[in-house]
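One-letter residues, chain by chain:
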Amino acid sequence: MMASWTEKLIPTPARSVMLFVVWLLLNNSLAPVHLVAATILALAIPLITASFRDKHTPFTHWRLALLYLLKVLGDIVLANVQVIRIVLGPNRLLRPGFVMVPLELRGALPLSILACTVSLTPGTVSAEILPYQNDPNEDVGERFLLIHVLDLADEAALMREIKQRYEQPLQEMFGC
Amino acid sequence: MSGIEWLIAALVLIGAVFVLLGSVALVKLPDFYTRLHGPTKATTLGLGSLVLASMVFFNFVQNELSLQQLLIALFLFITAPVTAYMLIKAGMHQKVTAIEVTKNQHLMQASGKKPAP
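Everything numeric in this text was worked out from a predicted model, so none of it was measured.

Enquirer: How do you make sense of the interface of chain B and chain A when you look at a structure like this?
Expert: How big an interface is tends to be stated in terms of the accessible area lost upon association of its parts. On the side of chain A, 45 residues touch chain B, which itself brings 42 residues to the contact. Carbon and sulfur atoms supply 72% of the area that chain B and chain A bury against each other, a total of about 3800 Å² over both sides. Considering only the side of chain B, the residues that lose the most area to chain A are B:His37, B:Lys41 and B:Lys103, jointly responsible for 16% of the buried surface there. The interface formed by chain B and chain A contains zero salt bridges.

Right under this line is the structure:
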């Protein structure tokens, strides 16, 4: 009985912890007032917004997530240097293009993380996840990520890199 | 100038350069789709570097614990890709033309179509 009672009061512990920490960071203080306010918000917001949430793939691999985060941060730095080089070069050397990457990844949350990662890293911006669907968790068969590439030299190599570098770790992380 | 101050100066300078180059990309690149690349990447790293400089300054020079700047970085990393995604999607729906050398332009038309029943 005890477990279900806490589950009802704190349906999403990780989100509550995050709200708590973010509130304290916003105020930049550990004064009792802010601690109380943070606790109230951390308890109330998940309860109020419960009906807006989709069911997510359960997620437990924190170590993998941390490694992924560090890798992406490193890639962001490299990506910037690359983009700067392209930007400073003459426009006629640009080789932009669209690429359709077939995805094995499933689920709304992993797909959004992948799309955001692709947008933040080397010369690529994710444009759309195809095919179009209303319910993000509905199974529509094969999925594609449409991306725009600033400097498209080798399509196959780019696809391989996205799949190996970002999709595979996400698949491991979410077990799908 | 102490080592810490040199570090802060370097971080601020690097940040400013990247933000500037992000804006340069916005002006210089030839079409809507390539222009999107500047603000999503260069600006993220530039602001990240500025935020880091601010954290180093407050924590080590002013000697007060200040982690607020982490929030700026967090929100930036969440919002930048989403903005880019919405802009490029809107661009494709409005059939904004890409420059001619763009490869695989037919893929733009695949956007927004519902799956066949």
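The structure having been displayed, the exposition proceeds.
Enquirer: Could you clarify how one ought to interpret the packing of helix 4 (residues 62-88) of chain A against helix 5 (residues 108-120) of chain A in this entry?
Expert: Think of two packed helices as two axes; the pair is described by the angle between the axes and how far apart they sit. Residues and elements named next belong to chain A. The geometry of helix 4 relative to helix 5 is characterised by a closest axis approach of 9 Å and an angle of 30 degrees between their N-to-C directions. If you check the angle between helix 4 and helix 5, you find them roughly parallel. When helix 4 is examined against helix 5, the residues Tyr68, Val72, Ile76 and Ala79 are found in contact with a partner set consisting of Ile113, Thr117 and Leu120. Classifying every residue of the contact of helix 4 with helix 5 by side-chain character gives six nonpolar, one polar and no charged.

Enquirer: So what exactly am I meant to see when it comes to the sheet that holds strand 2 (residues 124-130) of chain A here?
Expert: Each strand in a sheet pairs with another by means of backbone hydrogen bonds, the pair being arranged parallel or else antiparallel. Reading across from one edge, 1-3-2 (chain A) is the order of the three strands in this open sheet, with antiparallel pairing throughout. Looking along the sheet, the strands with just one partner apiece sit at the ends: strand 1 (97-103) and strand 2 of chain A. Each neighbouring strand pair of the sheet contributes to a mean axis angle of 25 degrees, computed without reference to strand direction. The pairing of strand 1 of chain A with strand 3 (residues 143-149) of chain A spans seven bridges and is classified as antiparallel. Each residue of the ladder has a partner; that of A:Phe98, found in strand 3 of chain A, is A:His148. Running over the sheet, helix 5 of chain A touches strand 1, strand 2 and strand 3 of chain A and is turned about 150 degrees from strand 2 of chain A. Lying on the sheet, helix 3 (residues 37-61) of chain B is in contact with strand 2 and strand 3 of chain A; it crosses strand 2 of chain A at an angle near 120 degrees.

Enquirer: Would you mind going over the side chain of A:Thr124 with me for this structure?
Expert: Here A:Thr124 is to be found in strand 2. Its relative accessible area of 3% is what places A:Thr124 among the buried residues. Here A:Val118 takes part through its backbone oxygen, which lies 2.8 Å from a polar atom of the side chain of A:Thr124. Not counting residues within four places of it along the chain, the set of residues in contact with A:Thr124 comprises A:Val118, A:Ser119, A:Ile147, A:His148, A:Val149, A:Leu158, B:His37 and B:Lys41.

Enquirer: How do you make sense of the packing of aromatic side chains when you look at a structure like this?
Expert: In this description, a pair of aromatic rings is defined by centroid distance and the angle of the planes. Within this structure, the stated rule accounts for three aromatic pairs over all chains. With 5.5 Å between their ring centres and 75 degrees between their planes, A:Phe98 and B:Tyr33 make a pair best called edge-to-face. Remark: B:Tyr33 occurs in helix 2 (residues 32-35) and A:Phe98 occurs in strand 1; the pair is interchain, linking two chains. A relative accessible area of 0% places B:Tyr33 in the buried class. Summarising the aromatic geometry, the rings of B:Phe32 and B:Tyr33 are spaced 5.3 Å apart at their centres and angled 85 degrees between planes, so their arrangement reads as edge-to-face. Looking at B:Phe32, the relative accessible area reads 30%, which means it is partly exposed.

About the cut-offs
Residues numbered from 1 in each chain as written. Chains lettered and ligands numbered in written order. Predicted model: local features only at pLDDT ≥ 70, side-chain atom pairs only at ≥ 80, totals over all residues. Heavy atoms only, no water. Contact = heavy atoms within 4.5 Å. Buried area = accessible area lost by both parts, 1.4 Å probe. Salt bridge = Lys/Arg side-chain N within 4 Å of Asp/Glu carboxyl O. Axes fitted to C-alpha atoms, helices over the stretch in contact; angles between N-to-C directions. Helix = DSSP H or I, 4+ residues; strand = E, 2+ residues; numbered from the N terminus. Parallel < 35°, antiparallel > 145°, perpendicular 65-115°, else oblique. Nonpolar A, V, L, I, M, F, W, Y, C, P; charged D, E, K, R; others polar. Pairing = 2+ DSSP bridges. Buried < 20%, exposed > 50% of the residue type's maximum accessible area, 1.4 Å probe, protein only. Polar contact = N/O pair within 3.5 Å; in protein donor to acceptor, adjacent residues only side chain to side chain. Phe/Tyr/Trp six-rings, centres within 6.5 Å; stacked < 30°, edge-to-face > 60°.

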